[in-house]
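Letter by letter, the chains look like this.
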Amino acid sequence: MTDEVLRQIKSLELNVAQTSAPLTKRRMRDSFSEVYICLGSDKTLRLKYMTPSNVKRARFGRIMEDLDTMAGLICFRHNENIIRSQCVAFVTALVDRIEMHNCNLAVDEDIKLSGQVSWVGRTSLDIKMKVEQMKQGSWEHILDTRYLMVARDPVAGKGLPVNPLVIESAAEQAEFAQGEANQAKRRQEAEQSLFKTVPSDAERALIHHMFLQTIDPKAGTFKRIKPPGTIFMEETKLKNIILCHHEERNLYGKIFGGYLMRQAFELAWTNAFMYCRSLPEIETVDDIVFKQPVEIGSVLFLSSQTVYTQENKMLVYVHAEVVDPIKDIHISTNTFYFVFKAPLLEKVKPVIPKTYAEAMIYLNGKRHYEG
């Protein structure tokens, strides 16, 4: 699928000239794109999408990779006049959320990705996409997602203006308003971040209650004990190290964001599997943030941790950072939040923080889960 999208992007006749193009008002439908992953007929392609734990299921990490490429195609379509006259890079700033309607992605049926621009700022674009799969002769809705993309000068690194959007109907006005609301919500969440503000009264009470569960009141000391049937958060870590090669580069010579998402998802899925000891299913992807580009040749550290549980669901947090072994410098590049469920279990063991830092991670995971 990625090769097909790249072929479509190249057909738009990208230019590397540095002359500025006049902005042109564009309709939402002008950027509408549709791409098919022909798993029903291409047996060789199926091997690329097959899940090792269930050969009848398609790899969700591959779909995330394809969605990131698809978002780039839609950006190019919306800004065709700009990319033909000047060099511009469209980079993923944020995956707002991926809502699953059906996690049963078959590996032997065709998959359709479609989407269009739904909101535009000065240099950013909101891309709304959905995934469907052919089942019993009709397309079944699998998921919805929104990507926030940003236009940048690949040399200077500064933002570049994008084409404005023309609203043609009440439905489109509602989509545009949703984009505005998402922007306002992100600003509000940033202001209420636990890096900036203290936890709420209810959150502080919850953390203190969990602390009391980990001490013996009869002993009269603060020695920590693990409550029966629980897991300390420090026991849930799972890590991976990746050397970033040229084959995973994007059009701009950086490591492809979709590749990073796939690697993070598969690490998170493995973490959830080891945590609950039952095959997990993805339910929601929340707030994937791209803070810094990852260069070719980078040593990439991926750290995952189960940070929140509720009934038979687990929220797994993944942090990505680039490490310079010579200078001993660590640079944070991405954060990921994945919610998994264990469909064969009624309940998973609760995760318990021990330290104040872990308590903040727990509360942050709780906020993402409930948001």
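Values in this document were obtained by computation on a predicted structure and should not be read as measured data. (Residues numbered from 1 in each chain as written. Predicted model: local features only at pLDDT ≥ 70, side-chain atom pairs only at ≥ 80, totals over all residues. Heavy atoms only, no water.)

Draft legend 1. Inspection of the side chain of Asp96 at higher detail. Here Asp96 lies in strand β5 (residues 89-100). Side chain to side chain, Asp96 and Arg186 meet in a polar contact 3.1 Å long. Residues contacting Asp96, with those up to four places away along its chain left out, are Arg146, Asn182, Arg186, Asp286 and Asp287. (Helix = DSSP H or I, 4+ residues; strand = E, 2+ residues; numbered from the N terminus. Polar contact = N/O pair within 3.5 Å; in protein donor to acceptor, adjacent residues only side chain to side chain. Contact = heavy atoms within 4.5 Å.)

Draft legend 2. Spotlight on the layout of surface pockets. Roughly 1,700 Å³ of internal volume is contained in the largest pocket. Contributing to the lining of the largest pocket are 48 residues, with Asp287, Val289, Thr335, Tyr337 and His368 lying nearest its centre. In terms of residue count, the dominant contributor to the lining of the largest pocket is helix α5 (residues 170-191) (8 residues). Residue classes in the lining of the largest pocket are distributed as 14 nonpolar, 17 polar and 17 charged. A volume near 1,000 Å³ is recorded for the second largest pocket. Looking at the lining of the second largest pocket, the elements with two or more residues in it are α1 (2-10), α2 (43-49), α3 (60-78), β5, β8 (138-152) and α7 (257-276). (1 Å grid on protein atoms, 1.4 Å probe; cavity = no way out; pocket = protein on both sides within 12 Å on 5 of 7 lines; lining within 4 Å. Points joined across faces, edges and corners; volume = space filled by probe spheres on them. Nonpolar A, V, L, I, M, F, W, Y, C, P; charged D, E, K, R; others polar.)

Draft legend 3. Geometry of the pairing of β8. In this structure, β5 lies alongside β8, joined through 10 bridges in antiparallel fashion. Considered in β8, the bridge of Ile98 is made with Thr145. Taken together, the 12 bridges between strand β7 (residues 124-135) and β8 define a ladder with antiparallel strand orientation. Within β8, the residue paired with Gln133 across the bridge is Glu140. What sits between β7 and β8 in their antiparallel hairpin is a turn of 2 residues, with Gln136 showing a positive phi close to 55°. (Pairing = 2+ DSSP bridges.)

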